[in-house]
Amino acid sequence: MRLHRKARFLSAALVPMLVLAGCSGGTAGSDGKQVNLTVWSWDGTVEKSVPGFEAENPNIKVKVVNAGSSYDEYTALDNAIQAGSGVPDLAMFEYFAVPYFAIPGKLADLGKFGVDGLEKDYVRAAWNDVTVNGKVYGLPSDYGPSAMFYNEATLKKAGVNEPPATWDEYYEDAKKVHALGGNYYIAQDTGDLFFLLSLIWQAGGRPFKVNGTKVHIDFTDEGTTKAVAFWQKMLDEHLLNTKITAWSDDWNRALNDGTLASQIMGGWLTSTLPDRAPKAAGQFRVALMPQWTQGDKVGAENGGSAFGIPAAAKHKDAAYKFLEYFTHGAGLSPRVEAGAFVPVTPVLDSTDFQSKPSSYFGDQKVGAVLAQASNSVASGWQFPPFFEWARSIYGDLVSKFYTTGEGSLAGILEEWKQRMVKYGNEQGFTVD
Amino acid sequence: MGHPSRLDTSAAATTSTDPTEQPVPARERGRTPAGLAFIAPFGMLFALVYIVPILYAAYLSLFQQKLIGGNTFSGLANYRKLVQDAQFWDSVGRVFGFTLIQVPIMLILAVALALALDSRRLHGIRFMRVSIFLPYAVPAVVSTLMWGFLLGVKYGLFGSLDDALGVNLDPFAPNTTLISIGVMVTWAFTGFNMLIFYAVLKAVPHELYEAAALDGASEFQVVRRVKLPALRGSLVIAVIFSIIGTFQMFNEPQILPSMVANSGITTHYTPNLYAYNLAFTGSQQGYAAALALVMAAITIGVAYAVQIRGLRNAFDH
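What counts and how
Residues numbered from 1 in each chain as written. Chains lettered and ligands numbered in written order. Predicted model: local features only at pLDDT ≥ 70, side-chain atom pairs only at ≥ 80, totals over all residues. Helix = DSSP H or I, 4+ residues; strand = E, 2+ residues; numbered from the N terminus. Buried ≥ 20, exposed ≤ 12 C-beta atoms within 10 Å, placed from the backbone. Contact = placed C-beta atoms within 7 Å. Expected span 1.5 Å × (residues − 1). Pairing = 2+ DSSP bridges. Axes fitted to C-alpha atoms, helices over the stretch in contact; angles between N-to-C directions. Parallel < 35°, antiparallel > 145°, perpendicular 65-115°, else oblique. Left-handed = near helix turned anticlockwise from the far one by under 90°. Nonpolar A, V, L, I, M, F, W, Y, C, P; charged D, E, K, R; others polar. pLDDT = per-residue confidence, 0-100. Arc of directions from axis to C-beta. Core = buried A, V, L, I, M, F, W, Y, C linked by C-beta atoms within 7 Å.

Chemist: Please set out the overall build of chain B residue by residue, giving values where relevant.
Modeler: The number of helices and strands found in chain B is 14 helices and 2 strands. Counting over 317 residues, chain B shows a buried share of 32%.

As structure tokens, then:
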């Protein structure tokens, strides 16, 4: 390919120039020249820490841009990296998207900025989320420890006075709730992948094992099998509402009228539940996920995100300065005040956070429960680098089962694995 | 891709019913630089927005993008893969089936409405003409949302109907979603086709009707012997338009899944949706480009076959 050789020559000629430019950019902050940082974020709280940062660093101006949520942003970032222009200095990633960018070298390794010293201040599982093959590629900025949001009034009506502490109790309570009437269910499920994964996660299943570019997928390990069989039983016995999808208008109605007794979701639900179910104010409470063994305190994760520095970013030093500021340093407090839930232990352990009663949740000290949920998240979970694609096709596979009952969850997961194996190998990974 | 020019020529060919009226062929007029200058603005735009993108897509389709290993030249590998891709053929089969059933229903409805409007026996023709055409002016995104609410079983009109009749029909179950989409598309495009037919009927010379009346033809005979033959040419155009439209179906299956869970809409529901997902979620732009080109070739092939067949029949009469 002649064209390619020419392009390579051209880039070889350009590299020294870029390096020079990079040097001047790097020192700009300290010798008085202004640095303009661009941050891509769909988390509205990040902006809150900009004024404080700019006051401390008069030479750095920060511009926070919403370049779309989740995969819209990833597409935009991929395009910018491919085009070689318009790459932001910091970008937001859901935890499962970190390997997708880190493994092909699109993210900067934060090791040289002394990031290792911060590890002790982060929730262990969140730190694990930003670590890929032993290197840290981002700092956790918000977190979704799995928790159970239950409607106390509905459970009481069904004769359940204590929220289910184990999955066995959850199963029994589900029957009691459904006995209230045809519309009453303990929860809904129309194929929520992230819930199923959190259930597997908590049960000790580790279906994805990633080592460099090698990925091993196995949905038959003990923990996975246990979790999947349990949920299959819940579905088979029609104890879940399979007509209502989370985030739909139906869902809001059911949350308001109390016909859905519980939600097992990320802790971030606290930020949207009061808006979605204002009529249920005072009825909801938060608890840890039901346990597989009585007395355990094992948790899982459902969502959360981090910020990383693209390898092609221009102002990496300044970017790291701001990154540390709003995910770990003084920039945290305005964000937490604005409702951010951050996996930073000094914040989670502070009496301020732990003892604040929440009126929507009947003056329960929600922060304390979620802090405990965060600290109990089981470690060792990994996402494959092509998870973003994988989750997009999961919906293709579940419709039939959820509408007709034909097939099984285990069968769906096996088919999903086959598709991932094919795609992953095509993409240059070694997947089995 | 590629349809506008094809359609223009077919439109010109079908509307001139008498072969002797054909204009003098271009080559006999000779080529002059002045003529070229006149078409240059068009030619440049045409090359820029039409030829260049196709060539670029063809170029892209020869590469494979990998997360590990980057962009590599792969020759025709994308095309070979496409031929064996069950998901691709699933989507192609779906739009073929959809076209075979939805297009005839829609066109028969449109012809019937056009004939009714043309019958001069109705009051408020102008109002009906506009109101039947109006859905065409509603963006597909909006109409999909609207129909989603209308047909939704939980909170929509259909839910109330189900309750009232004591039945359990779900327009968005995996087996019924395509029918619902057919209803949406029919609603949106019947008026457009009706307007084409109505315009053609309006152009039928009055003398023909007078002659038919003198010969004692009944209203039905007038429809069969005068009106329907007049519609034949425009029917071919409408069929081609509709085939192109349904082969490119995208908005409805793209939006519905966010409203209804487990409607059976997959990421490869239609060829366009599949290409979109391949390019933007699967980061396989080369493969998506190959798919787009193959789909364009299939569409052009089908449209061309319809055109040739339709025209032959038109000239037979």
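Chemist: Could you give an account of the overall build of chain A, naming the residues involved and the relevant values?
Modeler: A count of helices and strands for chain A gives 18 helices and 12 strands. The C-alpha extent of chain A, read off along each of the three principal axes, is 75 × 50 × 35 Å. Going through the 432 residues of chain A one by one, you find that 49% of them count as buried. Considering only residue pairs separated by 6 or more positions, chain A has 74% of its internal contacts joining residues 24 or more positions apart.

Chemist: I'd like to hear about helix H18 (residues 409-426) of chain A, residue by residue, with values.
Modeler: All names here are of chain A. With 18 residues, H18 extends 26 Å between its outermost C-alpha atoms, agreeing within 8% with the 26 Å of an ideal straight helix rising 1.5 Å per residue. Its buried side turned inward, H18 meets strand S8 (214-217), helix H9 (222-236), helix H17 (387-404) and strand S12 (430-431). Gly428 sits one or two residues past H18 and shows a positive phi near 95 degrees.

Chemist: Explain the pairing of strand S3 (residues 90-94) of chain A to me, using residue names and the numbers behind them.
Modeler: Residues and elements named next belong to chain A. For S3, the tally of buried residues reaches 5 of 5 residues, placing the bulk of the element in the interior. Here S3 shows two buried faces, one formed by Leu90, Met92 and Glu94 and the other by Ala91 and Phe93. Strand direction decides the pairing type here: strand S1 (residues 35-40) and S3, joined by 2 bridges, are parallel. Residue Val39 lies in a different strand from S3, and its bridge partner there is Leu90. Taken together, the 4 bridges between S3 and strand S11 (residues 301-308) define a ladder with antiparallel strand orientation.

Chemist: Explain unusual backbone geometry to me, using residue names and the numbers behind them.
Modeler: Glycine aside, a negative phi is what most residues show, and trans is what most peptide bonds show. Phi angles above zero are rare outside glycine, and Ser70(A) is one such case at about 50 degrees. As for its placement among the helices and strands, Ser70(A) is situated in the loop between strand S2 (60-65) and helix H3 (71-83).

Chemist: Which residues make up the sheet that holds S8(A), and what values go with them?
Modeler: All names here are of chain A. Strands sit in the order S7-S8-S12 across an open sheet of 3 strands; the sheet is mixed. A strand with exactly one partner marks an edge of an open sheet, and here the two such strands are strand S7 (208-211) and S12. Pairing of S7 with S8, which is carried by 4 bridges, proceeds in the antiparallel orientation. The partner of Phe208 across the bridge, within S8, is Ile217.

Chemist: Describe in detail the packing of helix H7 (residues 140-151) of chain B against helix H12 (residues 251-259) of chain B, supporting the description with residues and values.
Modeler: Each pair of packed helices gets described by two things: the angle between the helix axes and the distance between those axes. Residue and element names in this part refer to chain B. Look at H7 against H12: their axes get within 9 Å of each other, and the N-to-C directions meet at 40 degrees. Here H7 is positioned oblique relative to H12, judged by the angle of their axes. Read as a crossing pair, H7 and H12 show a hand that is right-handed. Taken together, the residues of H12 that come into contact with H7 (itself represented by Ala140, Val141, Thr144, Leu145 and Gly148) are Asn251, Glu252, Ile255, Leu256 and Met259. Class assignment of the residues belonging to the contact of H7 with H12 gives a composition of 6 nonpolar, 3 polar and 1 charged.

Chemist: Can you lay out the interface of chain B and chain A for me, pointing to particular residues and giving the numbers?
Modeler: Contact residues are listed per partner, giving 20 residues for chain B and 29 residues for chain A. Residue composition of the side of chain B that touches chain A, grouped by class: 9 nonpolar, 9 polar and 2 charged.

Chemist: Lay out the confidence of the model for chain B in plain terms, naming residues and giving numbers.
Modeler: Here chain B averages 85 in pLDDT, while 88% of its residues score no lower than 70. Taken element by element, chain B is modelled with least confidence in helix H1 (residues 3-15) of chain B, mean pLDDT 40, and with most confidence in helix H5 (residues 86-118) of chain B, mean pLDDT 95.

Chemist: Which residues make up helix H7 (residues 167-178) of chain A, and what are the values?
Modeler: Each α-helix turn comprises 3.6 residues. Residues three or four places apart therefore point the same way. Residue and element names in this part refer to chain A. Between its terminal C-alpha atoms H7 stretches 16 Å, which fits the 16 Å expected from 12 residues at 1.5 Å a residue. Looking only at H7, the buried set comprises Trp167, Tyr170, Asp173, Ala174, Val177 and His178. The buried residues of H7 occupy an angular sector of 130 degrees when projected down its axis, which confines them to one face. Tucked inside the fold, the buried residues of H7 contact helix H6 (152-157) and H9.

Chemist: Could you give me a rundown of the environment of Met259(B), with the residues and numbers involved?
Modeler: Residues and elements named next belong to chain B. Relative to the elements of secondary structure, Met259 occurs in helix H12. Looking at Met259, the number of C-beta atoms within 10 Å reads 19, which means it is partly exposed. As a C-alpha pair, Met259 and Gly301 span 42 residues in sequence and 35 Å in three-dimensional space.

Chemist: Lay out the nonpolar core with the relevant residues and their values.
Modeler: Among the nonpolar cores identified, the biggest contains 133 residues, and Leu90(A) and Val98(A) are the most heavily contacted of them. Ranked by the residues each element gives to this core, the list is headed by helix H8 (residues 193-203) of chain A, at 8 residues. Residues within four places of Val98(A) in sequence aside, it is in contact with Phe93(A), Asp129(A), Val130(A), Val132(A), Tyr137(A), Gly138(A), Ala306(A) and Gly308(A). Among the nonpolar cores identified, the runner-up in size contains 57 residues, and Val95(B), Val236(B), Leu278(B) and Leu291(B) belong to it.

Chemist: I'd like a description of the packing of H8(A) against H9(A), backed by residues and values.
Modeler: Residue and element names in this part refer to chain A. Running from N to C, H8 and H9 point in directions that differ by 130 degrees, and their axes come no closer than 8 Å. In terms of orientation, H8 and H9 fall into the oblique class. Note on packing geometry: the crossing formed by H8 with H9 is right-handed. Seen from H8, the contacting residues are Leu196, Leu199, Ile200 and Ala203; seen from H9, they are Gly223, Thr224, Lys226, Ala227 and Trp231. Across the contact of H8 with H9, the residue classes break down as 6 nonpolar, 2 polar and 1 charged.

Chemist: Now, about the environment of Ala165(A): what can you tell me, with residues and values included?
Modeler: Residues and elements named next belong to chain A. With respect to the helices and strands, Ala165 occurs in the loop between H6 and H7. Judged by C-beta crowding, with 17 C-beta atoms within 10 Å, Ala165 ranks as partly exposed. Between the C-alpha atom of Ala165 and that of Gln294, which follows or precedes it by 129 residues, the distance is 7.2 Å. Beyond its immediate chain neighbours, meaning those up to four positions away, Ala165 contacts Pro290, Gln291 and Gln294.

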